[in-house]
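The residues making up each chain are set out below.
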Amino acid sequence: MASQEKTGKVLDVPHVTNLVTDVKSLFKGLVLLSNVLPVFTGLWLALYFTNASFLDHLGVVLLTLIGSTLVMGGALVLNNWYDADIDSVMERTKNRPTVTGTMSLKFVLLLGIALSVVGIVLLLFTTMEAVIYTFIGWFTYVFLYTMWAKRRYAFNTVVGSVSGAVTPLIGWSALDSSFHLVPIILFLILFIWQMPHTFAIAIKKLDEYKAAGVAILPVVRGINHTKWQNLFYIVCLLPLPFYLNSLGPTFITIATLFNIFWLFFSVYGFFMKDTVKWARINFIYSVNYIAILYTLMIVVTFF
């Protein structure tokens, strides 16, 4: 009897591990976390520029973070539900629970809707402006990007970038009106950054995107054209740190150096023979770029 119980416990371990893996895959864990940081940065900077106390607004901060995370999680789950057919073709997505069948599509659909609704309800206790920005992000990602543009148009990256770029506006507007230069620049940085970031992924996984029939830029227009687009958007990032002079010279200097290095590496991409390797490095740089930049915005306000 004891040996059976012991065996049962041992057998339960992989089931638990698989469940955790499935949940992480369903919610696209890293993508979700990367969207939560700009929300918090927006919240933090709104407190900083309005001279408000973090502790005095702790309830709003928590409601905003939890509510927006649930809505973003719901949008990502709905994306998994709708894209189950093309996810089965792509190597990086073929193990998602919507593809393997460990979670039914009906359950995933209901989960995505439930998370989105609960998140919006929580945000109603903050400000209507925050709710509006959240809904814009959700609607853009689920309907305009996932269901409309992704499989049809090469500008799908531009459409999808709106949903990710509203995140700092959600955080800021939960505490103060976002009709302010700082949150607008935060929006623009994220919006522009997502182009080279997504292009890098698409070039890395070009064959998979072709097989899945995703009309992303390198599939439709080719790699060389995508590299020129990549360069264009990085050039567009160059002046933006100077509009955040209220964050001080340290931030402007570091952000500008990051932009210049990325610009040089983008140009180098035209001469680098191994395009996939270039795309892989470009992707890693883009991930660290946005994480460091948005964390730095918080750090510099301490001094």
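It should be noted that the structure appears before, not after, this text.
Described below are features of the structure shown in this document.

The rules behind the values
Residues numbered from 1 in each chain as written. Predicted model: local features only at pLDDT ≥ 70, side-chain atom pairs only at ≥ 80, totals over all residues. Heavy atoms only, no water. Helix = DSSP H or I, 4+ residues; strand = E, 2+ residues; numbered from the N terminus. Contact = heavy atoms within 4.5 Å. Salt bridge = Lys/Arg side-chain N within 4 Å of Asp/Glu carboxyl O. Buried < 20%, exposed > 50% of the residue type's maximum accessible area, 1.4 Å probe, protein only. Expected span 1.5 Å × (residues − 1). Polar contact = N/O pair within 3.5 Å; in protein donor to acceptor, adjacent residues only side chain to side chain. Arc of directions from axis to C-beta. Patch = residues over 30% accessible without salt bridge, like charges linked within 9 Å, V, L, I, M, F, W, Y side chains within 5 Å. Areas by Shrake-Rupley, 256 points an atom, 1.4 Å probe, with all protein chains shown as cover.

Some points on the environment of Gln 194
Move 1: Among the structural elements, Gln 194 can be located in helix α10 (residues 181-204).
Move 2: C-alpha of Gln 194 to C-alpha of Gly 160: the two residues are 34 residues apart in sequence and 8.7 Å apart in space.
Move 3: With sequence-adjacent residues up to four places away left out, Gln 194 is seen in contact with Thr 157, Gly 160, Ser 161, Gly 164 and Ala 165.

Focus on the pattern of salt bridges
Move 1: This structure, assessed with the given rule, holds 5 salt bridges.
Move 2: Between Asp 83 and Lys 150 there is a salt bridge; the shortest N-O distance is 2.6 Å. On the criterion of sequence distance, the pair formed by Asp 83 in the loop between α3 (58-82) and α4 (84-87) and Lys 150 in the loop between α7 (128-149) and α8 (156-165) is long-range, its members being 67 residues apart.
Move 3: Judged by relative accessible area, which is 0%, Asp 83 ranks as buried.
Move 4: The network of salt bridges with shared partners includes Asp 83, Asp 85, Lys 150 and Arg 151.

What about helix α15 (residues 275-299)?
Move 1: Taking 1.5 Å as the rise per residue, α15 with 25 residues should run 36 Å; its terminal C-alpha atoms sit 35 Å apart, in good agreement.
Move 2: At the N-terminal end of α15, a side-chain oxygen is found 3.4 Å from the backbone nitrogen of Val 276, two or three residues along, and the residue is Asp 274.

What about helix α13 (residues 223-237)?
Move 1: Helix length check: α13 (15 residues) gives 21 Å between terminal C-alpha atoms against 21 Å at 1.5 Å per residue, within 8%.
Move 2: When α13 is considered as a whole, its buried residues turn out to be Thr 226, Lys 227, Asn 230, Leu 231, Tyr 233, Ile 234 and Leu 237. The buried side chains of α13 occupy one side of the element, clustering within an arc of 170 degrees when seen end-on.
Move 3: Buried residues in α13 make contact with α8, α10, α12 (217-221), α14 (249-268) and α15.

Observations concerning a nonpolar patch on the surface
Move 1: Taken together, Ile 113, Val 117, Val 121, Leu 124, Phe 125, Met 128, Ile 132 and Ile 136 make up a surface patch of nonpolar side chains, about 740 Å² in accessible area.
Move 2: When contributions to the nonpolar patch are tallied by element, the ones reaching two or more residues are α6 (105-123) and α7.
Move 3: Tracing the chain through its elements places Leu 124 in the loop between α6 and α7.
Move 4: With a relative accessible area of 47%, Leu 124 lands in the partly exposed category.

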